[in-house]
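Close look at the chain arrangement
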Amino acid sequence: MSGDVKTYDARFKYLSLPNVRLERLCTGMLWTEGPVYFPLGDYVLWSDIPNNRMMQWIDGVGSRVFRAPSNNANGNTRDRQGRLVTCEHLTRRVTRTEHDGSITVIADSYAGKRLNSPNDVIVKRDGTIWFSDPSYGIMNDYEGAPADQEQENCNVFRFDPSDGALSVVADDLVKPNGLAFSPDETVLYVSDSGVSHQDGGPHHIRKFGVTDANTLTDQGVFQEIEIGISDGFRLDVDGNIWTSTGGGVQCFAPDADLLGEILIDEVVSNLAFGGPKNNRLFITATTSLYAIFVGVRGAI
Ligand code: MG
């Protein structure tokens with residue numbers, strides 16, 4: 001049943017809560033993605049990619065269209081100054097929405113060629129912006145517009161706002177997708193959803209060490225995801241990984257043990273911690289935005 005919490009490891013008893021319900025906060029969308037919480041207004045933004053819009057849910061108020069058209073926006077995050085950072089499929093770029101509402105393009109090309117279709121994005125404490133660039137947004141009209149892939153690979157990029165440099169940090173993933181740092185930012189996790197278009201392709205989360213120079217060292221596959229794929233995911237303050245799957249949300253310990261699971265009747269794309277105490281998971285799943293309180297705070 002939707003909302004059932006399954007415990008596979010005693011550690012999950014401290015990460016989940018008894019007597020909480022999975023709440024469906026908003027529905028009626030086509031494919032939801034990119035949830036991000038803003039403490040200033042106690043609200044969540046997320047993308048409804050095929051409907052070419054972004055939505056907003058305000059606690060105690062309800063939902064509304066936040067931005068339309070959104071250029072088929074996908075992943076979102078907030079930077080260390082509280083500004084919205086967004087991946088756009090149609091325009092094949094990453095943007096920042098300034099406090100005055102104007103939009104700044106952070107990246108739309110690399111080595112003189114257009115990006116594929118930025119998918120998900122995070123911001124490190126030092127202000128660098130890290131994003132994945134698979135080709136989902138240029139494969140058909142549903143989530144963007146068909147176009148030739150100009151980049152040789154589907155890369156993970158790092159943008160450094162101090163000098164404007166855009167660098168490839170990983171180029172060996174089939175379809176890099178969600179990404180998140182460990183709480184101390186010494187580890188970067190990146191999901192690879194390549195099985196979506198490649199028989200036998202990857203459906204796992206990779207693990208990389210992060211050097212002082214902001215480069216990566218490959219630490220292999222962190223965990224295979226057996227129900228669908230990991231699209232997007234987040235970490236809590238204890239370093240546990242809460243990831244989307246085809247059956248809901250799974251929680252893995254830093255040692256990769258499966259601790260527990262929140263079953264949801266819709267395919268989950270992504271999630272974000274939020275709420276005034278940062279202890280509420282906001283979950284985008286196909287047509288809906290869900291929320292559930294948990295026993296731990298999010299890392300960011
Ligand atoms: Mg994604």
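Described below are features of the structure shown in this document. (Residues numbered from 1 in each chain as written. Predicted model: local features only at pLDDT ≥ 70, side-chain atom pairs only at ≥ 80, totals over all residues. Heavy atoms only, no water.)

**Quick look at the environment of Ile262**
Tracing the backbone shows Ile262 in strand E24 (residues 258–263). Of the residues examined, Ile262 reaches a relative accessible area of 3% and is grouped as buried. Setting aside its immediate chain neighbours within four residues, Ile262 contacts Asp4, Val5, Leu22, Trp242, Gly247, Gly248, Val249, Leu281 and Ile292. (Helix = DSSP H or I, 4+ residues; strand = E, 2+ residues; numbered from the N terminus. Buried < 20%, exposed > 50% of the residue type's maximum accessible area, 1.4 Å probe, protein only. Contact = heavy atoms within 4.5 Å.)

**A word on the coordination of the magnesium ion**
Donor atoms from the polypeptide that coordinate the magnesium ion comprise Glu33 (OE), Asn119 (OD1), Asn177 (OD1) and Asp231 (OD), at 2.2 to 2.5 Å from the metal. Mapping the donors of the magnesium ion onto the primary sequence gives the spacing E-x85-N-x57-N-x53-D. Residue Asn119 is found in the loop between strand E12 (113–114) and strand E13 (121–123), and its partner Asp231 is found in the loop between strand E20 (216–224) and strand E21 (233–235); the two are separated by 112 residues along the sequence. (Donors = N, O, S within 2.8 Å, 3.2 Å for Na, K, Ca; no water.)

**Regarding the pattern of salt bridges**
In this structure the tally under the stated criterion is 15 salt bridges. We note a salt bridge from Arg83 to Glu98, for which the minimum N-O separation is 3.3 Å. Residue Arg83 is found in the loop between strand E7 (73–78) and strand E8 (84–88), and its partner Glu98 is found in the loop between strand E9 (93–97) and strand E10 (103–107); the two are separated by 15 residues along the sequence. The exposure class of Arg83 is buried, given its relative accessible area of 17%. Note on Glu98: relative accessible area 17%, which makes it buried. Arg96 is the salt-bridge partner of Glu98, the closest N and O atoms lying 2.9 Å from each other. The network of salt bridges with common partners includes Asp9, Arg11, Asp255 and Asp257. (Salt bridge = Lys/Arg side-chain N within 4 Å of Asp/Glu carboxyl O.)

**A few points about the sheet that holds strand E16 (residues 165–170)**
Across the sheet, which stays open at both edges, the 4 strands sit in the order E13-E14-E15-E16 with antiparallel pairing between neighbours. A strand with exactly one partner marks an edge of an open sheet, and here the two such strands are E13 and E16. Between one strand axis and the next, the sheet turns through 25° on average, direction left out of account. In terms of strand pairing, E13 meets strand E14 (residues 129–132) through 3 bridges, oriented antiparallel. Within the sheet, the bridge partner assigned to Val121 lies in E14 and is Phe131. (Pairing = 2+ DSSP bridges. Axes fitted to C-alpha atoms, helices over the stretch in contact; angles between N-to-C directions.)

**Topic: the sheet that holds strand E18 (residues 187–192)**
Read from one edge of the open sheet, 4 strands run E17-E18-E19-E20, paired in antiparallel fashion. The strands lining the two open edges of the sheet, one partner per strand, are strand E17 (176–181) and E20. Put simply, the sheet's adjacent strands are angled 25° from each other on average, direction ignored. Bridging between strand E19 (residues 204–210) and E20 involves 6 bridges; their strand directions are antiparallel. Of the residues in E20, the one forming a bridge with Ile205 is Gln223.

**Things to note about the environment of Ser135**
Along the chain, Ser135 falls in the loop between E14 and strand E15 (156–160). Excluding residues that lie within four positions of it along the chain, Ser135 makes contacts with Asn116, Ser117, Gln149, Cys154 and Lys175. Within the local environment of Ser135, its side chain forms a polar contact with the side chain of Lys175, the two groups lying 3.4 Å apart. (Polar contact = N/O pair within 3.5 Å; in protein donor to acceptor, adjacent residues only side chain to side chain.)

**Concerning the packing of aromatic side chains**
A full pass over the atoms with the stated rule returns 10 aromatic pairs. For the ring pair Tyr37 and Phe282, a centre distance of 6.1 Å and an interplane angle of 5° mean the geometry is stacked. Of this pair, Tyr37 sits in strand E3 (residues 32–38) while Phe282 sits in strand E26 (residues 280–285), and the two are 245 residues apart along the sequence. For Tyr37, a relative accessible area of 4% gives the class buried. Among the aromatic residues, those joined into a ring-pair cluster are Phe12, Trp242 and Phe273. One Lys or Arg, Arg158, reaches over the ring of Trp130 and ends 6.0 Å from the middle of that ring. Just above the ring of Tyr136 sits the side chain of Lys175; from NZ or CZ to the centre is 5.9 Å. (Phe/Tyr/Trp six-rings, centres within 6.5 Å; stacked < 30°, edge-to-face > 60°. Lys NZ or Arg CZ within 6 Å of the ring centre and 35° of its normal.)

**Concerning the nonpolar core**
In this structure, Trp242, Val249, Ile262, Ile264, Leu281 and Ile283 are the most contacted members of the largest nonpolar core, which totals 20 residues. For this core, the secondary structure elements donating two or more residues are strand E23 (248–252), E24, strand E25 (268–274), E26 and strand E27 (288–293). (Core = buried A, V, L, I, M, F, W, Y, C linked by side-chain atoms within 4.5 Å.)

**Thoughts on the pairing of E9**
Most of E9 sits inside the fold, with 5 of its 5 residues counted as buried. The alternating pattern of E9 places Arg93, Thr95 and Thr97 and Val94 and Arg96 on opposite faces, both of which are buried. In this structure, E8 lies alongside E9, joined through 5 bridges in antiparallel fashion. Bridge pairing links Thr86 to Thr95 in E9. Pairing between E9 and E10: 4 bridges, direction antiparallel. What sits directly across from Thr95, in E10, is Val105. The turn joining E9 and E10, which pair antiparallel and follow one another in sequence, is formed by 5 residues; a positive phi near 95° is taken by Gly101.

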